[in-house]
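Listed below, chain by chain, are the residues.
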Amino acid sequence: MSTPADRPFDPGLQPERTALAWRRTTLALLVGSLAGTRLLPEVWGPFGLVVGGAGIAGSLVLLVLAQRRYRLQHTRLRRGAALPDGTLPALTAAAGFAVALVGLAVTVSR
């Protein structure tokens, strides 16, 4: 039996769609990092493994943080409290920028 706290806050399921978008974003970052782990050592040697490993670790951390943020957001919406701040989106933007810099470095080094 479901309690009111278990049911979605929004009948349109907007928070759930946002959580799925976060999951897709982090999984795309994970796949890109796995590809980088495979390809970068040919260009950069052992440093390429470090960069790919950092991307893998970062994407897994981001996935956990996104799930935690969704649960916190759901609870706060149910209680009528303030929503979480924008730290996680800012971290994601910073991670995307870092990946772009690595891509640029790979392109320039070839």
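Structure's up top.
Residues numbered from 1 in each chain as written. Predicted model: local features only at pLDDT ≥ 70, side-chain atom pairs only at ≥ 80, totals over all residues. Heavy atoms only, no water.

Undergrad: What is the right way to look at the side chain of Thr 26 in this model?
TA: Along the chain, Thr 26 turns up in helix H1 (residues 14–44). On the accessibility criterion, Thr 26 (1% relative accessible area) is buried. Excluding its chain neighbours within four sequence positions, the residues that come into contact with Thr 26 are Ser 59, Leu 62 and Leu 63. (Helix = DSSP H or I, 4+ residues; strand = E, 2+ residues; numbered from the N terminus. Buried < 20%, exposed > 50% of the residue type's maximum accessible area, 1.4 Å probe, protein only. Contact = heavy atoms within 4.5 Å.)

Undergrad: How should I be thinking about the environment of Val 43 in this particular structure?
TA: Counting through the fold element by element, Val 43 comes out in helix H1. Residues Val 43 and Ser 109 lie 66 residues apart in sequence; the distance between their C-alpha atoms is 8.1 Å. Val 43 has contacts with Ser 109 and Arg 110, leaving out every residue within four places of it along the chain.

Undergrad: Just checking my understanding: could you explain the packing of helix H2 (residues 46–79) against helix H3 (residues 87–109) for this structure?
TA: When two helices pack together, their arrangement is given by the angle between the helix axes and by the axis-to-axis distance. Close contact between H2 and H3 brings their axes to 11 Å; oriented N to C, the two are set at 160°. The pairing of H2 with H3 is recorded here as roughly antiparallel in orientation. When you trace H2 past H3, the crossing you get is left-handed. Two secondary-structure elements touch here, H2 through Val 51, Leu 62, Leu 65, Ala 66 and Arg 69 and H3 through Leu 88, Pro 89, Thr 92 and Val 102. Residue composition of the contact of H2 with H3, grouped by class: 7 nonpolar, 1 polar and 1 charged. (Axes fitted to C-alpha atoms, helices over the stretch in contact; angles between N-to-C directions. Parallel < 35°, antiparallel > 145°, perpendicular 65-115°, else oblique. Left-handed = near helix turned anticlockwise from the far one by under 90°. Nonpolar A, V, L, I, M, F, W, Y, C, P; charged D, E, K, R; others polar.)

From the geometry alone we can't say anything about function, so treat these as descriptive.
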